[in-house]
Amino acid sequence: MTFDEARALFPVLERFAYLNAGTLGPLSRPTLAAIEERLRFDQEHGRGGHDWFMSVLELRTRVREQIADLVGTTPGQVALTSSTTDGCNIVLSGLELGPDDEVVTTNSEHPGLLLPLHVSGVRVRVAEVAALPTAAALETILSCITPRTRLLALSHVLWTTGQVMPVHELKRESGVPVLVDGAQSVGAIPVDVGELDYYTVSCQKWLCGPEPLGALYVRDADQLGIGIPSYFAQKSLEPDGSFVPAEGAGRFDSGWLASPSLAGLEAALAGAPEWRFERAAEMAEVCRGALRERFELVAEGGESTLVSFVPAGDAATEAVRLYDAGVIVRDLPGTGWLRASCGWWTSGGDIDRLFAALA
Ligand SMILES: Cc1ncc(COP(=O)(O)O)c(C=O)c1O
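Enquirer: Which residues make up the overall build of the protein, and what values do they have?
Expert: Looking only at helices and strands, the protein features eleven helices and 15 strands. Here the C-alpha atoms of the protein give a radius of gyration of 21 Å, agreeing with the 21 Å that 2.2 N^0.38 yields for 359 residues. Viewed in the frame of its principal axes, the protein has a C-alpha envelope of about 65 × 55 × 30 Å. In the protein, which comprises 359 residues, the proportion classed as buried is 46%. Once local pairs closer than 6 in sequence are excluded, the contacts in the protein between residues at least 24 apart make up 66%.

Enquirer: Tell me about the domain arrangement of the protein, residues and numbers included.
Expert: On domain assignment, one finds that the protein holds domain 1 (3–27 + 273–358) and domain 2 (38–271). In this structure, domain 1 and domain 2 have C-alpha centres spaced 26 Å apart. On the side of domain 2, 19 residues touch domain 1, which itself brings 20 residues to the contact. Of all the elements in the fold, those that place two or more residues in the side of domain 1 that touches domain 2 are helix H9 (276–292) and strand S12 (306–310). The element contributing the most residues to the side of domain 1 that touches domain 2 is S12, with three residues. Its residues assigned to classes, the side of domain 1 that touches domain 2 comprises eleven nonpolar, eight polar and one charged.

Enquirer: Residues and numbers for unusual backbone geometry, please.
Expert: Following Glu211, the chain continues into Pro212 via a peptide bond in cis, with omega recorded as -5°. Residues other than glycine seldom take positive phi values, yet Glu96 does so here, at roughly 50°. Here Glu96 shows up in the loop between helix H4 (84–94) and strand S3 (102–106). Judged by local crowding, Glu96 falls into the partly exposed class, with 14 C-beta atoms found within 10 Å. Here Ala131, not a glycine, exhibits a phi torsion of approximately 75°, which is positive. Structurally, the position occupied by Ala131 is in the loop between strand S4 (123–127) and helix H6 (134–143).

Enquirer: Which residues make up the pairing of strand S6 (residues 178–181), and what values do they have?
Expert: Of the two faces of S6, both are covered, the one formed by Val178 and Val180 as well as the one formed by Leu179 and Asp181. Pairing of strand S5 (residues 149–155) with S6, which is carried by four bridges, proceeds in the parallel orientation. Across the sheet, the residue bridging to Ala153 is Leu179, located in S6. Sheet topology note: the S6/strand S7 (residues 198–202) ladder contains two bridges and is parallel. Of the residues in S7, the one forming a bridge with Leu179 is Tyr198.

Enquirer: Describe in detail the site of the ligand, supporting the description with residues and values.
Expert: The local shell around the ligand holds 14 residues, among which Ser83, Thr85, His110, Gly112 and Trp159 are the closest. Taken together, the elements giving at least two residues each to the shell around the ligand come down to H4 and helix H5 (111–119). Its residues placed into classes, the shell around the ligand shows three nonpolar, ten polar and one charged.

Enquirer: Describe the sheet that holds strand S11 (residues 296–297), naming the residues involved and giving the relevant values.
Expert: With antiparallel pairing, the four strands of this open sheet are ordered in space as S11-S12-S15-S14. Of all the strands in the sheet, the pair left with one neighbour each is S11 and strand S14 (330–332). Alignment of S14 against strand S15 (residues 337–341), held across three bridges, turns out to be antiparallel. Of the residues in S15, the one forming a bridge with Arg330 is Arg339. This element, H9, spans S11, S12 and S15 of the sheet and lies at about 10° to S12.

Enquirer: Provide a residue-level description of the environment of Pro190, including the pertinent values.
Expert: Here Pro190 shows up in the loop between S6 and S7. Judged by local crowding, Pro190 falls into the partly exposed class, with 13 C-beta atoms found within 10 Å. For the pair Pro190 and Val71, spaced 119 residues apart in the sequence, the C-alpha separation amounts to 7.9 Å.

The rules behind the values
Residues numbered from 1 in each chain as written. Predicted model: local features only at pLDDT ≥ 70, side-chain atom pairs only at ≥ 80, totals over all residues. Helix = DSSP H or I, 4+ residues; strand = E, 2+ residues; numbered from the N terminus. Rg over C-alpha atoms; globule rule 2.2 N^0.38 Å. Buried ≥ 20, exposed ≤ 12 C-beta atoms within 10 Å, placed from the backbone. Contact = placed C-beta atoms within 7 Å. Domains from an automatic or database assignment. Nonpolar A, V, L, I, M, F, W, Y, C, P; charged D, E, K, R; others polar. Pairing = 2+ DSSP bridges. Near = placed C-beta within 6 Å. Axes fitted to C-alpha atoms, helices over the stretch in contact; angles between N-to-C directions.

The following block contains the structure:
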């Protein structure tokens, strides 16, 4: 598939310079068709009967396999969830943390991680890493670890600055369990979970799937308690609710997920071209090159697909003005920054439109 063929699959790109996959990715025609087809199929089968039920379970199995492939693991280590936030809640509720335990995080995390962290009751230590080079960020996070540290919890790609955090080095050098918020990494940059312990996936962003869908990688299901059980948690159940857990990470599945959305995600995952990471990185670099001529970039580095910068006026007002000019970017609340998300579908023309609309 050539770039022009791939780009032509996304109706939204006919109208907008769509630079906001960091919030929600564009949906392709095959993805939309798969959603519609599954919706029709479900209605035709009355959403009932053995065959229909089995077809949903098979769909779940296929999507689980696709996601496992994507992050370099096995289907038995992947739970299907509705979001990254869901994944963070599943891990933090299952670890049974208390006020004497500590978790180290960074000062650039999304509420999807921070809120589950806070309500877990654990003591949260915040490493100041925003705008630090990778090596300094690594040292800063490591220096926050104490004998009470039970977990490192941080994003692979910071949603504010777009910096890539050294998650594998952190695991290697600390030996402490690591929960990675993968909302801005999976589908945007190559991801291999390697020795990491927990890794979340948001399917509605860089994977161009419908919302709400997500996934959670769990290295060793037996090391994590089931804090938020769904129907899928159990293999067998007693009248008093005690249960034998289902095999593997499937026990953390967050419940019944809409089958049309799963079908759309299956199509989106199958349709992503092999060259996607190279192309997205290249376009992010083109975007940085264009913007730095006239604006201050929030972080240099060039590893991720998020490009944040300081616009001339108020960021929220600028985002609205850009939308009206056919350019969709995100203003980052409380920072005064705008963020452009560059995907494998992004063209030089999109960057030109952004630059022209900012002028
Ligand atoms: C770094 C990060 N974490 C978590 C989230 C929340 O993702 P979800 O809606 O899948 O919970 C976002 C969404 O923008 C994000 O950027």
